[in-house]
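Tertiary structure, described
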Amino acid sequence: MKARVFVAAVAAVALGVVAATASASGQHHQANKLTVWLQVDAQSGWPDVVAAANAQFAKDHPGYTVDVQYQNWGDHLQKFDATLAGGNAPDVIEMGNTEMTKYMAAGAFADISSFKGTFDNSATWLKGLAASGIYGGKLFGVPYYAGSRVVTYRTDVYNKAGIKKLPSSLAEFTADASKLAAANKSVKGFSPVYIAGTDWYFAMSFVYDFGGSIAKTHAGKWVGNLDSPQSVAGLTAFKNFFNATSKASKTSDENHPAPYDVYSQGGAGSIIGPGWFSCCVGAKFKSTTAQFVMPSHTKGQPMPGFLGGSDLAVPVTSGNKALAADWLKDFISTGSEKSLQAKGNIPNATNLLGSSVNERAAARSWFVPAAKHWVDVENGNILRNMLATILKGKLTVKQAAANASDNITLVLNGS
Amino acid sequence: MAIAAETKEWPRRHRRLTWTRAGRGAVPYLLILPVIGVIGAVLGYPLYSLVRLSFQQYGLFELIRHAGVSVGLKNFSSVLHDQVFWHTLLRSVIFTVANVAFTIVLGTSLAMLLLRLSPWVRVLLTSGLVLVWSMPVVVAVQVWYWMTNYQNGVVNYALTQLHLGDFFHHDWYASTFSQMGMVTALIVWGALPFVVVTVYAALAQVPGELIEAAEIDGASSFRTFRDVTMPILKPVLLILTSLSILWDFGVFTQPYLLIGQAHTSPGNFLMGTYLFEQGYIKADFGRGAAISILMLFIVALLSVYYVRKMVKLGDVE
C-alpha cells in the first residue's frame, strides 16, 4: 500500500514538473531562408535600417528571404539556449556585449575571422566594442552599435529653478538638484534626477570615477574589488547623490518603471540613461528636452559611463554561415551605421564618430570585467542587491561592498 | 455457512490454453497499449531524460555538442551542500503552508457564505469567481503589478484616499517578507475560485435534515460545522489540500514575474525560482535537473500523508 501511494504521489508530481519544464517549438531550417534575431530596440527604434539591409540582401541573393524575429533582453538567452538544444538556432543573433564571453568560450558561435575584410570600417572598429566579439584571437562577433549614458533633462524646469549654466562637477549637479527640488515642491514625489535604486550601470560609474573597479585579475584569478577604498568612496558618493536627488524606490531597477515614463508624466527634472531616451519623453516635453554629459567629481571632466553595446554573431549551428556573414555586411554597412547614429546611438567605427552629447560622453567609459562568468554576476543580481542594501541602510557601504565583492570573486572564478 | 457450501459446489475449471483463448485474453492489453504508449512517450521519456540529465555535467558547452559528461552524484551532492538550497527549501515550505492554509480556509468560508446568500448575490459572486478563474496567470500578474507599483499604484492611491495611512510611494516589494506577501495574495486570489466552487458543490451534499436536527438538538453553528458538515467535506478538502500543496510548492510564474528577474536573489528564492536560476539562467542544466528531481521527492513526501488519508477514506466507503 505504502509503495503504491508513494508511486501515485510521484506520478502526480512528475506530471506537474514535466509540464512545467518541457517546452520546445518545432522550426526547421529552410535552405532559402535566413533567420535573424534582433532585439526589440531595432523594432521600435530603427526598423528602416533593418528593412534596408534586408532589401540589399534580397537583391544580392534572389530567392532568399530574411526572417527577422525580435527578442527581449530579459529572456533572449534562455530562448537561445533552448534553440541550441533543439537544433533550430537562428543564423544571426544580436548579443549584448556583456553576454558574449560566456558563449564564445562555450563554442556557441562560428569563427567569422575570414569574413572580416568584407565588413565596412573593420579596420577602425571601436576598440572596446570590437574586443567583446574576439575570443582566443578569433572573431566571433561583429560590433553593431554602442551607447553611452547621458543626462536627459527638462530645460523649462532647469530655467525655472534658476540654473543658468549646466553643472560641470558632481558637487555642482548636487547643488542644482536641491534648487530643482525647492522649485518643484508642489509636484508630489518629484525627483530632480530620477535614478532607479538598483541602476548598477549608473552606480558603477561612481565607482570607476573614484578610481575603483568591480573586479581585477590577480595571479590569473579574478578578485572582487568593490571593497577597495576607492570603490567604497564611489559607492558612498552614489548613495549621497541618490538620497539628494531621487525619489525612486530604493529597490527599483531601471526598467520598472522606465525612467522616461516617470519623466513624461512630469515626475522628474532629469533622468540618466542611454542617449535614445530622448525618444520617449512625451509630446508635452519634446521641445523642452535636452541632454548633457554626466559630470565627474573632478570638475570639468565627464563621469565615466557604461559603454553598452551590441554585437552580432553567427551561431555555430547555422547552415548558412557565408550567407549570414553577407547579411551582416549589409546590416553594419557605413550607411546603416550612419542611420543608427542619427537615432542617438554611437556607430561602430572611430572614423564615423561625431561630436554628439552621446559621443562626448563615451570619451570616458568603463566596461564590465571580461570574464567568462561575468554574465552570472549580472543575472545573479549581485550588484543590484548590494545597492538596495546600501540605500536601505541595512548594512554600511563598506560591509555591503565587502559581501558583494566576495560573492563576485566566487562567481567570476566559476564556482 | 451457506456461502461456503455454495462455493464448494463450483466445479474447478481446467481449460486448456489455446491460441484463440490466449488471443482473447490479450485483447484488453492490446486495447490499453496505445494509452500506455502515449503516456510513456509524453511522461516517461522526459522523466527518463531528466533523470539521466541529473547525473551529467551539462552546461552550455555540452548543450551545443548535444553530449553530457557523466558525473555520477556530483550534481546532487553539490545541491545538498548548498546553503541556498536549504534556506530556499525552508522558505518554500513555510510559503506553501501559508498559501495552502489561506486558500483552503478562505475558500471554504466563501463557499459557506455562498450557501447563505440570496440567489442574485450568489450569481454575482460566482461570476466574479469565474472571471478570476478565466484570467491567464501572466495577465493577472501584470494587473497586480500595475495596481501595486511604486510610482502610481492604484492600491497605494486607494489606501491613501481611504485615510488608512500615507501609501504614496510605498514600495510593496521592499523586503522579502513583503514580496512573499504580495505573491501569496496573488496566488490565493487566483486559487480561490476552484476551491470555492468545489467546496460549494460538496456542501450541497450535506443533508439539510441533519443540520436541522443538530440545530434542534441545540448544537452551536460551530459544533454543527465540525460534527455534521466537516465529515462530509473531508474527502473533498483532502483532495483540494493535496492539489494546492503540489501547485504552491513548485509555483514559478507568479513569484518570478511579480518580483521580477532583476529582483530575484538567494534572499527571496522559492523552489521554482531557485530551479530556474540554477538551471536556466546559469545554464547548468544537469544541476537544474538534480534540483527538480529533489523537488519531486520532497513534494511526494509532503503529499504522501494526504494521499494516504484519501486512499484510507476510499477503503472505508
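So, how was this worked out
Residues numbered from 1 in each chain as written. Chains lettered and ligands numbered in written order. Predicted model: local features only at pLDDT ≥ 70, side-chain atom pairs only at ≥ 80, totals over all residues. Helix = DSSP H or I, 4+ residues; strand = E, 2+ residues; numbered from the N terminus. Rg over C-alpha atoms; globule rule 2.2 N^0.38 Å. Buried ≥ 20, exposed ≤ 12 C-beta atoms within 10 Å, placed from the backbone. Contact = placed C-beta atoms within 7 Å. Nonpolar A, V, L, I, M, F, W, Y, C, P; charged D, E, K, R; others polar. Domains from an automatic or database assignment. Pairing = 2+ DSSP bridges. Axes fitted to C-alpha atoms, helices over the stretch in contact; angles between N-to-C directions. Expected span 1.5 Å × (residues − 1). Core = buried A, V, L, I, M, F, W, Y, C linked by C-beta atoms within 7 Å. Parallel < 35°, antiparallel > 145°, perpendicular 65-115°, else oblique. Left-handed = near helix turned anticlockwise from the far one by under 90°. Bend = angle between axes of the 7 residues up to and from the residue.

**Describing the overall build of chain B**
Scanning chain B from terminus to terminus reveals 14 helices and two strands. Computed over the C-alpha atoms, the radius of gyration of chain B is 27 Å, more than 25% above the 20 Å expected from 2.2 N^0.38 for a compact globule of 317 residues. In terms of its C-alpha atoms, chain B occupies a principal-axis envelope of roughly 85 × 75 × 30 Å. Counting over 317 residues, chain B shows a buried share of 30%. For chain B, restricting intrachain contacts to residue pairs at least 6 apart in sequence, the fraction spanning at least 24 positions comes to 68%.

**A closer look at the interface of chain A and chain B**
Taken together, the 43 residues of chain A in the interface contact 37 residues of chain B. Taken together, the elements giving at least two residues each to the side of chain A that touches chain B come down to helix H1 (2-21), helix H4 (76-86), helix H5 (100-105), helix H15 (374-379) and helix H16 (382-392) of chain A. At 14 residues, H1(A) tops the list of elements feeding residues into the side of chain A that touches chain B. Looking at the side of chain A that touches chain B residue by residue, the classes come out as 21 nonpolar, 15 polar and seven charged.

**Some remarks on the domain arrangement of chain A**
All names here are of chain A. Taken as a whole, chain A is organised into domain 1 (30-148 + 308-364) and domain 2 (149-307 + 368-412). Here the C-alpha centre of domain 2 lies 28 Å away from the C-alpha centre of domain 1. Taken together, the contact between domain 1 and domain 2 spans 22 residues of the former and 24 residues of the latter. Counting residues per element, the ones that place at least two in the side of domain 1 that touches domain 2 are H5, strand E6 (141-147), strand E13 (308-313) and helix H14 (357-361). With four residues, the single largest contributor to the side of domain 1 that touches domain 2 is H14.

**Some thoughts on the sheet that holds strand E10 (residues 270-274) of chain A**
Residues and elements named next belong to chain A. Taking strand neighbours across the sheet as the criterion, the three strands line up as E10-E7-E11 in an open arrangement whose pairing is antiparallel. With partners counted over all chains shown, the strands left at the sheet margins are E10 and strand E11 (289-292), one partner each. Neighbour-to-neighbour, the strand axes of this sheet turn through a mean angle of 35°, independent of strand direction. Relative to E10, strand E7 (residues 149-154) runs antiparallel, the two sharing five bridges. When the sheet's bridge partners are listed, Thr152 is paired in E10 with Ile271.

**Section: the sheet that holds E13(A)**
Residues and elements named next belong to chain A. Spatially, the five strands line up as an open sheet ordered E2-E1-E3-E13-E6, and their pairing is mixed. Edge positions in the sheet fall to strand E2 (65-71) and E6, since each has one partner strand and no second. Within the sheet, the average angular offset between the axes of one strand and its neighbour, ignoring direction, is 20°. As judged from the four bridges shared by strand E3 (residues 92-96) and E13, these two strands associate in the antiparallel manner. Paired with Met95 across the bridge in E13 is Asp311.

**As for the domain arrangement of chain B**
Residue and element names in this part refer to chain B. Partitioning chain B into domains gives domain 1 (15-70) and domain 2 (80-316). The straight-line distance from the C-alpha centre of domain 1 to that of domain 2 is 34 Å. At the junction of the two partners, domain 1 supplies 11 residues and domain 2 supplies eight residues. Looking at the side of domain 1 that touches domain 2, the elements that each hand over two or more residues are helix H2 (19-54), strand E1 (56-57) and helix H3 (60-65). No other element matches H2, which puts four residues into the side of domain 1 that touches domain 2.

**Observations concerning the pairing of strand E8 (residues 215-218) of chain A**
All names here are of chain A. Of the strand pairs in this sheet, E8 and strand E9 (residues 221-224) are connected by four bridges, and their pairing is antiparallel. Its bridge partner lying in E9, Thr217 is registered against Trp222. Linkage of E8 to E9, two consecutive antiparallel strands, is achieved through a turn of two residues, within which Ala219 is found at a positive phi near 50°.

**Quick notes on helix H10 (residues 229-245) of chain A**
In an α-helix, one full turn covers 3.6 residues, which means residues spaced three or four apart are oriented alike. Residue and element names in this part refer to chain A. Taking 1.5 Å per residue as the helical rise, H10 with its 17 residues ought to reach 24 Å, and the 24 Å between its terminal C-alpha atoms agrees with that figure. Listing the buried residues of H10 in full gives Ser231, Val232, Gly234, Leu235, Phe238, Phe241, Phe242 and Thr245. Buried-residue contacts for H10 involve helix H8 (170-183), helix H9 (200-209), H16 and helix H17 (397-412).

**What to know about the nonpolar core**
Val92(A), Leu235(A), Trp327(A), Leu328(A) and Ile408(A) are the most contacted members of the largest nonpolar core, which totals 173 residues. For this core, the leading source of residues is helix H9 (residues 176-203) of chain B, giving 12 residues. Not counting chain neighbours up to four residues away, the residues in contact with Val92(A) comprise Val36(A), Trp37(A), Leu312(A), Val314(A), Ala324(A), Trp327(A) and Leu328(A).

**A short note on the environment of Leu47(B)**
All names here are of chain B. You can see Leu47 is positioned in helix H2. On the basis of neighbour count, Leu47 is assigned to the buried category, with 20 C-beta atoms found within 10 Å. Once the C-alpha coordinates of Leu47 and Ala289 are considered, the two residues, 242 residues apart in sequence, prove to be 10.0 Å apart.

**Looking at the packing of helix H5 (residues 83-116) of chain B against H9(B)**
Residue and element names in this part refer to chain B. The contact between H5 and H9 brings their axes to 7 Å, and the two run at 40°. What the angle tells us is that H5 and H9 run oblique. Crossing of H5 over H9 shows right-handed handedness. For the contact of H5 with H9, the residue count by class is 20 nonpolar, five polar and no charged.

**Quick look at the environment of Ala402(A)**
Note that Ala402(A) resides in helix H17. Counting along the chain gives 295 residues from Ala402(A) to Gly107(A), while the straight-line C-alpha distance between them is 34 Å.

**A word on helix H11 (residues 221-249) of chain B**
Residues and elements named next belong to chain B. Spanning 29 residues, H11 covers only 34 Å between terminal C-alpha atoms, well under the ideal 42 Å at 1.5 Å per step. Of all the bends in H11, the greatest, near 60°, is centred on Met230, and the proline Pro231 appears no more than four residues after it. What H11 keeps buried is the set Thr229, Leu233, Leu240, Thr241, Ser242, Leu243, Ser244, Ile245, Leu246, Asp248 and Phe249.

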